[in-house]
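# Analysis of the macromolecular model
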Amino acid sequence: MAMTHFKLRELFMKYCLSHDHKEIPPIPLVPKDDPTTLFTGSGMQQLVPYLLGEPHPLGKKLYNIQPCFRSQDIEEIGDNRHTTFFEMMGNWSLGTYFKKEQITWFWEFLTDILKLPKEKLYVAVFAGIKNIGADEETYETWKKLGLKENHIFRYGPESWWSRAGVPENMPPGEPGGPDSEVFYEFTQVEHNPTYGEKCHPNCDCGRFLEIGNSVFMQFKKNTDGSFSELPEKNVDFGGGLERILAAVNNDPDIFKTDLYATIITSIEQSSSKKYTDLENKSQIRVIADHIKASVFIIKNGVYPSNKEQGYFLRRLLRRAAVKMHKLTGKLNAKELGLIADQGVLVTYDKVHFDREQDKKLITNVIVEEINRFSKSIDRGLKEIQKIQTIDGKQAFDIYQSYGFPLEITEELFREKGQTVDKKQFYAEFQKHKDLSRTASSGKFKGGLADNSAQTLNYHTATHLLHQALYDVLGSEIRQEGSNITGERLRFDFYSTQKPSPEQIAKAQDTINSKIQEALPVEFKILPKAEAEKLGAKSFFREKYPDMVKVYFIGNYSKEFCGGPHVKNTKEIGKITIFKNEKIGSNLYRIYAK
Ligand code: SER
């Protein structure tokens, strides 16, 4: 019997608890106030301040299973292992245990608890680069655990992890370190020599699958480009729930795990096409992945649009629609809504959703968007057939006229052996739309935490703005999101009344008078119930652990928050609200600097 995802979740939880870890709730897939990324892409995202030294309210040993979305993989979807949405099983040491314990425990988890055969497991160890030496301690630990030398591979930049990737790409202040990946070998998969003469764990042919990665966060990039050791040595482990399940079931196709099986069945029913037929496989996988990711994104309050998260949602839904059209020759929006409900919501009911409660809104958003799109899809496909050679500007025109996201046009033209000039496409896009910087590069830059003084100023100012709006507009207002860069802060909120220019001016004055009062900014770690009783503001989309960190700005503002902040409001300087706009029904957005 194949292992279920419920069982794997339970075994991971027990393993972490048996090593004294506390569970931290996952953060929303659309982060509340991460200035640098549109979606949560790894479990460690919420831990950045703590990896850099802030104390965590739940202590030094933590774990969770975090829903993640990584759009950079969007074009790879269709093979048996890549997905845009996945769940990351994570555990963290904030300056307590380090390499030996982490490696030994994970090995025990894989071989004793999950009973993976040792001979099918391979590991990678950091070989060193430029001024950073090889990770001998990790190498020796694996050897002591009984791994043969031909199961331990040494890699350079591939075995270094930071949110920005290799050391050169890390911005100042970003933490990172050597990592050690574990791979499972599917011996039934023949090596494909187009990926290189010899197969090895980091080969992309599909024989080896990376199932977990322990990052030893021990460095921080300095402004001059050098690295210094972090005050505490941390462990950041991430393992793919879907991939570990595939390894336990010894089947290289993650779409056969129960995290996809029900979704695939509902696609088969809607399309009357079989997943087992080779010609349908890749299309069905794309539909399964994209509808799943869309359901999670919609649950986070995002609607299809031409900007930021909404643009990604639109791309996912329209791409799924084109694949469905290819599969069946027609498009039925209702069928895609059914896949969302009978496939995705059934799979995750009571884990991430309440099917009965969530079904209506989620399927409505999907059906509406696909209906909008279905009006132009036939005309668009016909138009594309007519064009012989394509450039980026034409691809943009197709997007403008028919709503075909870039990768759909690319795929149609790939069949004709042509590539679309992405740069030109985005240059056109930029001319027309204020596309977010992350979307315009076609992928997420993965966080790039910016801990500059200005970002801290704006973060604290955001708390002041939240309280000021509450004072001016009343207690019904609720934060919907925020976004902070070195240049400005942005704050989204719910309100049934449109703020008047006088009210906006009043909020601005209040912020500046609180700045002038030179209020101290301090945090306390409190039981959640106590923090709620104090009236500390929280983010309604976020689940909080039993112990929480609350930031106090004098007696003026109290808010659930991980930090970091300025020490005193006088550091902030003057704040000017330079733009406010309505962004949806009862939703408003303020920009200030
Ligand atoms: N942050 C690391 C990763 O994403 C491990 O959690 O691979």
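Preceding this section is the structure that the text describes.
In this report, we go over the structure that sits alongside the text. This structure is a prediction, so every number in the text was calculated from the model and none was measured.

Counted residue by residue, strand β3 (residues 85–94) has ten buried out of ten residues, so it is predominantly covered. Of the two faces of β3, the one carrying F85, E87, M89, N91 and S93 and the one carrying F86, M88, G90, W92 and L94 are both buried. One ladder, built from seven bridges, connects β3 with strand β9 (residues 227–240); its direction is antiparallel. Note on β9: the bridge partner recorded for L94 is N234.

Of the volumes computed, that of the second largest pocket is approximately 970 Å³. Lining the second largest pocket are 35 residues, with G301, V302, D492, I583 and L587 positioned closest to its centre. Only α7 (278–299), α8 (308–328), β10 (478–484), β11 (489–494), β15 (577–584) and β16 (587–592) provide two or more residues apiece to the lining of the second largest pocket.

This brings us to the site of the ligand. Close to the ligand lie S42, M44, R70, M88, W161, N213, V215, D236, F237 and G238, which account for all nearby residues. D236 is positioned such that a nitrogen or oxygen atom in its side chain is 2.7 Å from a nitrogen atom of the ligand. Contributions of two or more residues to the shell around the ligand are made by β8 (208–221) and β9. Here the shell around the ligand gets three residues from one element, more than from any other, and that element is β9. Looking at the shell around the ligand, its residues break down into five nonpolar, three polar and two charged.

We now examine the packing of aromatic side chains. Applying the stated criterion across every chain yields a total of 35 aromatic pairs. Aromatic side chains F39 and F312 sit 5.9 Å apart centroid to centroid with 90 degrees between the ring planes, which places their arrangement in the edge-to-face category. Of this pair, F39 sits in the loop between β1 (22–23) and α2 (48–51) while F312 sits in helix α8; the two residues are 273 residues apart in sequence, bridging distant segments of the chain. For F39, a relative accessible area of 1% puts it in the buried group. Judged by centre distance (4.8 Å) and plane angle (65 degrees), the rings of Y184 and F186 are edge-to-face.

Between helix α6 (residues 261–271) and helix α9 (residues 333–348), the shortest axis-to-axis distance is 8 Å and the interhelical angle comes to 160 degrees. Taken as axis vectors, α6 and α9 run roughly antiparallel relative to one another. Read as a crossing pair, α6 and α9 show a hand that is right-handed. Within the contact between the two elements, α6 uses T262, I263, S266, I267 and S270 and α9 uses E335, I339, Q342, G343, V344, V346 and T347. In the contact of α6 with α9, the residues fall into five nonpolar, six polar and one charged.

Running from N to C, α7 and α9 cross one another at 75 degrees; their axes reach a closest spacing of 10 Å. The angle between α7 and α9 falls in the class roughly perpendicular. The segment α7 lies against α9, with I287, I291, K292, V295 and F296 engaging L336, I339, A340, V344, L345 and Y348. Each residue belonging to the contact of α7 with α9 can be placed in one class, and the counts come to ten nonpolar, no polar and one charged.

Let's shift gears to helix α1 (residues 5–18). Across its 14 residues, α1 extends 20 Å between first and last C-alpha, which sits within 8% of the 20 Å expected from 1.5 Å per residue. Among the residues making up α1, those that are buried are H5, L8, R9, L11, F12, Y15 and C16. Taken end-on, α1 shows its buried residues confined to a sector of 165 degrees, consistent with a single buried face. Elements that come into contact with the buried residues of α1 comprise β2 (61–69), β3, α3 (99–113), α5 (241–248) and α9. Positive phi shows up at D20, right after α1, with a value of about 65 degrees.

The rules behind these values
- Residues numbered from 1 in each chain as written.
- Predicted model: local features only at pLDDT ≥ 70, side-chain atom pairs only at ≥ 80, totals over all residues.
- Heavy atoms only, no water.
- Buried < 20%, exposed > 50% of the residue type's maximum accessible area, 1.4 Å probe, protein only.
- Helix = DSSP H or I, 4+ residues; strand = E, 2+ residues; numbered from the N terminus.
- Pairing = 2+ DSSP bridges.
- 1 Å grid on protein atoms, 1.4 Å probe; cavity = no way out; pocket = protein on both sides within 12 Å on 5 of 7 lines; lining within 4 Å.
- Points joined across faces, edges and corners; volume = space filled by probe spheres on them.
- Near = heavy atom within 4 Å.
- Polar contact = N/O pair within 3.5 Å; in protein donor to acceptor, adjacent residues only side chain to side chain.
- Nonpolar A, V, L, I, M, F, W, Y, C, P; charged D, E, K, R; others polar.
- Phe/Tyr/Trp six-rings, centres within 6.5 Å; stacked < 30°, edge-to-face > 60°.
- Axes fitted to C-alpha atoms, helices over the stretch in contact; angles between N-to-C directions.
- Parallel < 35°, antiparallel > 145°, perpendicular 65-115°, else oblique.
- Left-handed = near helix turned anticlockwise from the far one by under 90°.
- Contact = heavy atoms within 4.5 Å.
- Expected span 1.5 Å × (residues − 1).
- Arc of directions from axis to C-beta.

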